[in-house]
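Commentary on secondary and tertiary structure
Read off the chains here:
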Amino acid sequence: MSKKFYIATDHAGYAVKAYVKEIVTNLGHEIIDLGPDSADRVDYPDFAKKCAEAVLADEGSFGILICGTGIGISISANKVKGIRAALCHDHYTAKLTRQHNDANILCFGERVVGKGVIEEMIEVFANTEFEGGRHAGRVAKIEACAFGTNLE
């Protein structure tokens, strides 16, 4: 089943963005690039918010956020109510965050993971469904902790 992904980076994640877009497209999914359009310095919270809000506005869609380490951009995205952005480092964490946490945004660091790992993470994230069951109550508790969408 084809899915829609939104992607955004900061300057430290820009170099791998074209590769990620190619992976998503080759897997048969749609990808929408939310910027930036160059490797010029930008602030990752701005792009995290843009992606998070796009995912929330488009039910059933997912996001991919990339910065140097994945840390700052994932923290920023998780400030938006309804977002469960997961910082992943391998296929195992990408799989479990979909199965157990119903993550809607995959985050990683361009400076942390290589292209082979990136491909594995995207493939498993795109093809893994939320298990629900005992995990649904935990996700509901996560959502109860979210306060708003203002990152400014």
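In what follows, the structure referred to is the one given above.
Residues numbered from 1 in each chain as written. Predicted model: local features only at pLDDT ≥ 70, side-chain atom pairs only at ≥ 80, totals over all residues. Heavy atoms only, no water.

Structural notes on the pattern of salt bridges
The full count for this structure, using the stated rule, is eight salt bridges. Measuring nitrogen to oxygen at the nearest pair gives 3.3 Å for the salt bridge that ties Asp-102 to Arg-84. Linking Asp-102 in the loop between helix H4 (91-101) and strand E5 (105-109) with Arg-84 in the loop between helix H3 (71-77) and strand E4 (85-87), this pair joins segments that are 18 residues apart in sequence. Accessibility expressed as a relative area gives 22% for Asp-102, which makes it partly exposed. Overall, Arg-84 belongs to the buried group, its relative accessible area being 14%. (Salt bridge = Lys/Arg side-chain N within 4 Å of Asp/Glu carboxyl O. Helix = DSSP H or I, 4+ residues; strand = E, 2+ residues; numbered from the N terminus. Buried < 20%, exposed > 50% of the residue type's maximum accessible area, 1.4 Å probe, protein only.)

Concerning the side chain of Thr-9
Mapped onto the secondary structure, Thr-9 falls in strand E1 (residues 4-9). Residues in contact with Thr-9, not counting those within four places in the same chain, are Tyr-14, Lys-17, Gly-35, Pro-36, Phe-47, Ile-66 and Ile-73. (Contact = heavy atoms within 4.5 Å.)

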